[in-house]
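Coordinates in review
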Amino acid sequence: MRTLTSEAGVQQGDPLGPFYFALVLHHLVLSISKDDSCQDLLFNAWYLDDGVVAGPSTSVQHVVCLLQDLGPSLGLHLNPSKCELFGQGDLSVFPSQMNKSCTPNLIILGAPIGEVAFCSSFIASKRAAASTLLSSLVKLGSCDPQMIALILLRMCGGFTKLVHVARSTPPSQALDELHAFDEQVRCTFTECQAIDTTDSSWIQAQLSLSRGGLGLRSLANHSNAAFIASISTAGLASSSDNFLADAVNSYNRCVPPESAIDINSLTSSPCRQHTLSAALENIQFNSLFSQSSVADKARLLSVSSPHASAWLSVVPSPGLGLSLDPNANGHQVVARAKYLTWLTSLCIVSRTSLGSPRPPCSNIGLGHELRNTRPADILASNWLCGKPAAFDLTVVSPLNPTFISEAGRTAGSAAVAAELRKHSANDAKCSELGWTCIPLVAESYGAWGSEAVQAFSRLASYLATRTNSPKSKVVCSLYGHLYLTLVRANVRALLLRCGCSLQEGDFSSS
């Protein structure tokens with residue numbers, strides 16, 4: 001048996017290894033950028049041991065000489081056989097071991113550069129490779145395959161799968177393939193959730209969670225924003241760049257004048273993709289909102305309220321009560337009703353295979369208010385400075401005729417009205433008992449009243465301190481639990497209205 005000692009060099013798996021390597025490489029990169037013979041370089045960028053240098057043949061040749069001369073003293077050795085050289089003219093002056101090509105088409109760090117046909121072909125191959133993942137989402141056999149498929153589609157199977165291509169390829173050369181990929185994502189969503197989407201409902205699904213969508217962002221719609229942000233943040237923006245100018249013009253046609261981009265200012269004021277995409281989403285949201293009925297406006301405002309989409313980020317876990325999976329021996333309609341509940345709760349589809357879904361009544365499920373003399377449902381004996389708090393829980397529907405008019409104009413107005421009603425009914429009794437009345441009001445589509453948000457924030461602070469967890473994670477988990485409970489109750493209400501019998505435990509928390 002021999003002992004292998006670890007004494008020198010960057011070790012495999014060392015989390016500081018890349019940092020050590022970058023420190024050494026940095027000296028070499030600076031030497032290149034400061035060398036007088038390299039001032040004509042158009043591009044000199046490195047990611048650890050992957051470097052890209054572009055410019056006149058003489059300047060690139062000098063870079064190779066610097067790497068071979070200065071590298072060994074730093075422990076860095078150039079491997080010509082792993083280098084690729086693209087250019088026109090005589091390339092024989094470069095090391096013979098290099099892979100040389102005179103074609104105008106090349107791929108650098110996963111980004112296609114060259115003719116339109118070449119770029120389209122490359123993106124088509126990436127799209128075909130992504131199809132393997134998308135098709136596998138339909139075949140998931142987990143505890144809650146629909147919910148898990150939706151999370152995976154949003155996080156790694158859709159926009160994020162090809163966003164690198166969108167950021168590095170001129171939109172004019174990639175748009176057709178990006179549209180085709182968007183259609184693949186839509187078909188995958190339809191198969192996974194067993195529902196059909198109208199064009200307007202799919203537009204909403206493509207919005208971010210905070211705007212009432214499902215976060216299935218369109219690559220084609222955001223390709224101009226992605227390309228502009230990538231070029232500007234890399235410090236390569238130039239008004240003479242025709243590809244950039246085309247992207248800026250296309251983007252400006254989609255946004256109002258106040259959100260338009262001045263190509264001449266990109267060098268001094270780089271644009272972030274988040275900012276550019278947010279402006280596009282505002283246009284989509286406002287367009288969708290203006291074309292909606294009063295009821296749909298109320299739904300859209302409710303599902304785009306803070307915390308209303310927290311459940312969509314929850315990883316399903318039956319053991320923790322975080323699953324919507326119906327009972328194995330339930331009727332097929334139970335599974336279909338789950339999809340129906342998702343649709344009515346999220347307002348993403350106006351019609352399903354079950355027909356036009358009616359919204360949950362305001363007086364069923366969790367929307368039913370117990371009419372009794374109790375001033376509260378939960379009493380916290382020491383809530384604030386030793387004073388008890390009386391929590392009164394209620395769920396209201398923004399589609400209730402009493403609220404719908406205002407709910408179609410102002411987000412959370414149904415919850416505000418319910419809070420005022422609870423205070424009017426309970427404040428006198430609570431004051432007599434020395435309690436503080438705190439209504440915990442939820443709208444049936446996920447929006448919460450301001451007093452509930454404040455109370456949950458306080459609870460989250462306590463939990464975060466006691467569990468030594470980040471408060472943001474505790475808040476997300478808390479709202480996820482609460483909304484899944486709301487969804488289960490709405491499912492039961494819909495099934496009971498349809499005359500379906502439910503077994504004990506169906507859609508109940510584990």
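For the structure given in this document, a descriptive report is provided here. All values derive from a computational prediction rather than experimental measurement. (Residues numbered from 1 in each chain as written. Predicted model: local features only at pLDDT ≥ 70, side-chain atom pairs only at ≥ 80, totals over all residues. Heavy atoms only, no water.)

A few words on the overall build of the protein. Secondary structure assignment for the protein yields 16 helices and 9 strands. Within the protein, the proportion of its 510 residues that are buried is 44%. A sequence separation of at least 24 residues applies to 62% of the contacts in the protein between residues at least 6 apart. By element, 55% of the accessible surface of the protein is carried by carbon and sulfur atoms, the whole surface being about 26100 Å². (Helix = DSSP H or I, 4+ residues; strand = E, 2+ residues; numbered from the N terminus. Buried < 20%, exposed > 50% of the residue type's maximum accessible area, 1.4 Å probe, protein only. Contact = heavy atoms within 4.5 Å. Areas by Shrake-Rupley, 256 points an atom, 1.4 Å probe, with all protein chains shown as cover.)

A separate point is the packing of aromatic side chains. Per the counting criterion, the structure on display carries 7 aromatic pairs. Ring centres of F19 and Y20 lie 6.4 Å apart, and the angle between their planes is 50 degrees; on these two criteria the pair is classed as tilted. Its relative accessible area of 49% is what places F19 among the partly exposed residues. Look at W448 and F456: their rings are 5.1 Å apart centre to centre, the planes differ by 85 degrees, and that puts the pair in the edge-to-face class. Residue W448 shares its accessibility class with F456, and that shared class is buried. Among the aromatic side chains, those forming a connected cluster through ring pairs are W448, F456 and Y479. For K297, the ring lying beneath its charged end belongs to F289, and the centroid distance is 5.3 Å. The ring of W383 has R458 lying over it, and the distance from NZ or CZ to the ring centre is 5.4 Å. (Phe/Tyr/Trp six-rings, centres within 6.5 Å; stacked < 30°, edge-to-face > 60°. Lys NZ or Arg CZ within 6 Å of the ring centre and 35° of its normal.)

A side chain with one charge can pair with a side chain of the opposite charge if their charged atoms come near. Inspection of every chain in the model, using the stated rule, returns 6 salt bridges. Across the pair D199 and R186 runs a salt bridge, and its minimum N-O distance is 3.3 Å. Separated by 13 residues along the polypeptide, D199 in helix α7 (residues 199-205) and R186 in helix α6 (residues 171-193) bring together distant segments of the chain. Judged by its relative accessible area of 13%, R186 falls in the buried class. Between D392 and K422 there is a salt bridge whose closest N-O contact spans 3.4 Å. (Salt bridge = Lys/Arg side-chain N within 4 Å of Asp/Glu carboxyl O.)

So, on to helix α3 (residues 116-137). In this model α3 runs 31 Å from its N-terminal to its C-terminal C-alpha over 22 residues, within 8% of the 32 Å that 1.5 Å per residue would give. Along α3, the sharpest kink reaches roughly 25 degrees, centred on S131. Residues of α3 that are buried include every one of C119, F122, I123, A130, L134 and L137, and no others. At its buried positions, α3 is contacted by β5 (106-108), β6 (111-113), α4 (145-157), α5 (159-168) and α6. (Expected span 1.5 Å × (residues − 1). Bend = angle between axes of the 7 residues up to and from the residue.)

Moving on to the pairing of strand β8 (residues 387-396). Counting buried residues along β8, 8 of its 10 residues qualify, which places the element largely inside the surrounding structure. Between the end of strand β7 (residues 378-384) and the start of β8, which pair antiparallel, lie 2 residues, with C385 showing a positive phi angle near 55 degrees. Summarising the sheet, β8 and strand β9 (residues 436-443) pair through 8 bridges and their orientation is parallel. Across the sheet, the residue bridging to T394 is V441, located in β9. (Pairing = 2+ DSSP bridges.)

Turning next to the pairing of β7. As paired elements, β7 and β8 share 4 bridges and run antiparallel to each other. Looking across to β8, one finds that L384 is bridged to K387.

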